[in-house]
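Chain by chain, the residues:
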Amino acid sequence: QKEVEQDPGPLSVPEGAIVSLNCTYSNSAFQYFMWYRQYSRKGPELLMYTYSSGNKEDGRFTAQVDKSSKYISLFIRDSQPSDSATYLCAIRMNYGGSQGNLIFGKGTKLSVKP
Amino acid sequence: DTGVSQDPRHKITKRGQNVTFRCDPISEHNRLYWYRQTLGQGPEFLTYFQNEAQLEKSRLLSDRFSAERPKGSFSTLEIQRTEQGDSAMYLCASSLGFPSTDTQYFGPGTRLTVL
């Protein structure tokens with residue numbers, strides 16, 4: 001079993017739709033959860049960073065973490081064509097500062113149609 | 001622009017040649033990471049530096065790969081005797097390094113094509 005599982009899609013939605021993106025992870029030691037957005041042939045750009053279970057909102061984006069189910073989600077409200085990109089979930093353990101590499105999912109390719 | 005920069009953005013080389021990539025992190029960031037991303041996959045960790053010290057290497061980093069960060073600022077990643085399987089996007093990221101806010105900011109990547 002891979003450490004992080006993410007459905008690669010592709011996912012196509014009409015403009016204005018609510019988008020739900022999800023990842024599952026296998027190790028309960030993971031403590032930090034991130035969502036990155038990556039446009040074609042560009043580097044990943046951080047969207048959301050969460051530590052605890054629950055919801056975190058930033059504009060049209062909501063990140064949700066359920067540590068008991070090892071499940072993380074990103075919701076995009078009122079989706080726009082400019083949201084068309086690949087969305088990567090990333091997780092990290094914390095060894096008191098000795099390690100910090102991210103473990104990424106495969107990414108879900110999202111297309112928002114006008 | 002004060003983000004992470006990488007050079008070159010694209011590199012095409014023939015199998016067996018050596019290549020070197022450069023990463024300039026955000027200036028106050030003391031941690032620097034290298035990742036590799038192949039088509040349809042998420043980035044995979046290769047190695048990271050705390051200042052000039054290389055603290056961890058992934059098993060993906062074969063003997064043909066070497067990374068340096070000589071003065072704790074920019075870093076270089078060299079691949080010797082390139083193989084077609086090395087074709088990928090090589091991403092650099094930097095962070096402040098504090099455990100609770102160790103947010104990694106990525107550069108635009110160097111796309112390597114090995115013919």
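Residues numbered from 1 in each chain as written. Chains lettered and ligands numbered in written order. Predicted model: local features only at pLDDT ≥ 70, side-chain atom pairs only at ≥ 80, totals over all residues. Heavy atoms only, no water.

What follows concerns the overall build of chain A. When helices and strands are counted, chain A shows zero helices and 11 strands. Against the globule reference of 13 Å for 114 residues, chain A gives a C-alpha radius of gyration of 14 Å, in line with a compact fold. On the principal axes, the C-alpha backbone points of chain A span a range of 45 × 30 × 25 Å. Within the span of chain A, comprising 114 residues, buried residues form 45% of the whole. Excluding contacts between residues fewer than 6 apart, the proportion of contacts in chain A whose partners are at least 24 apart in sequence is 54%. Here chain A contributes 13 positive and 10 negative side-chain charges, whose respective centroids are spaced 6 Å apart. (Helix = DSSP H or I, 4+ residues; strand = E, 2+ residues; numbered from the N terminus. Rg over C-alpha atoms; globule rule 2.2 N^0.38 Å. Buried < 20%, exposed > 50% of the residue type's maximum accessible area, 1.4 Å probe, protein only. Contact = heavy atoms within 4.5 Å. Lys, Arg positive; Asp, Glu negative; His and termini not counted. Charge placed at Lys NZ, Arg CZ, Asp CG, Glu CD.)

Another aspect to go through is the environment of glutamate 3 of chain A. Residues and elements named next belong to chain A. Within the element layout of this structure, glutamate 3 appears in the segment before β1 (4-6). Along the sequence, glutamate 3 and alanine 17 sit 14 residues apart, while their C-alpha atoms lie 30 Å from each other. In this view, glutamate 3 contacts Thr24, Tyr25, Ser26, Phe30, Ile91 and Ile103; residues no more than four positions away in its chain are not counted.

Let's shift gears to the packing of aromatic side chains. Residues and elements named next belong to chain A. The full count for this structure, using the stated rule, is 15 aromatic pairs over all chains. When the ring of tyrosine 32 is compared with that of tyrosine 49, the centres are 6.1 Å apart and the planes differ by 50 degrees; the resulting orientation is tilted. Of the two residues, tyrosine 32 sits in strand β4 (residues 32-38) while tyrosine 49 sits in strand β5 (residues 45-50), which places them 17 residues apart along the sequence. Given the relative accessible area of 4%, tyrosine 32 is considered buried. Looking at tyrosine 49, the relative accessible area reads 13%, which means it is buried. Taking the centre distance of 5.0 Å and the plane angle of 40 degrees together, the rings of tyrosine 32 and tyrosine 51 count as tilted. (Phe/Tyr/Trp six-rings, centres within 6.5 Å; stacked < 30°, edge-to-face > 60°.)

What follows is about the sheet that holds strand β6 (residues 54-58) of chain A. Residues and elements named next belong to chain A. In spatial order, the strands read β1-β3-β8-β7-β6; together these five strands make up an open sheet with antiparallel pairing. The open sheet has two edge strands with one neighbour each: β1 and β6. Going from strand to strand, the sheet's axes swing by 20 degrees on average, the running direction of each strand aside. (Pairing = 2+ DSSP bridges. Axes fitted to C-alpha atoms, helices over the stretch in contact; angles between N-to-C directions.)

It is worth spelling out the interface of chain A and chain B at this point. Reports of interface size often rely on the accessible area that becomes lost once the parts have come together. Of the residues lining the interface, 23 residues belong to chain A; the matching set on chain B comes to 24 residues. Linking chain A with chain B are zero salt bridges, by the criterion used here. Elements supplying a minimum of two residues to the side of chain A that touches chain B: β4, β5 and β9 (85-92) of chain A. Here the side of chain A that touches chain B gets three residues from one element, more than from any other, and that element is β4 of chain A. Across the side of chain A that touches chain B, the residue classes break down as eight nonpolar, 10 polar and five charged. (Salt bridge = Lys/Arg side-chain N within 4 Å of Asp/Glu carboxyl O. Nonpolar A, V, L, I, M, F, W, Y, C, P; charged D, E, K, R; others polar.)

Attention now moves to the environment of threonine 13 of chain B. All names here are of chain B. Relative to the helices and strands, threonine 13 is located in strand β2 (residues 10-13). Of the residues examined, threonine 13 reaches a relative accessible area of 8% and is grouped as buried. With 76 residues separating them along the chain, threonine 13 and methionine 89 place their C-alpha atoms 14 Å apart.

Once that is clear, we can look at the pairing of strand β4 (residues 31-37) of chain B. All names here are of chain B. Counting buried positions over the seven residues of β4 gives seven, a clear majority of the element. For β4 and strand β5 (residues 44-50), the ladder comprises six bridges, and the chain directions are antiparallel. Within β5, the position partnered with tryptophan 34 by the bridge is threonine 47. Turn length for the β4-β5 hairpin, with the two strands adjacent in sequence and antiparallel, is six residues, and the turn residue glycine 40 shows positive phi of about 80 degrees. Sheet topology places β4 next to strand β9 (residues 88-95); seven bridges connect them, and they run antiparallel. Bridge assignment links leucine 32 to a residue of β9, and that residue is serine 94.

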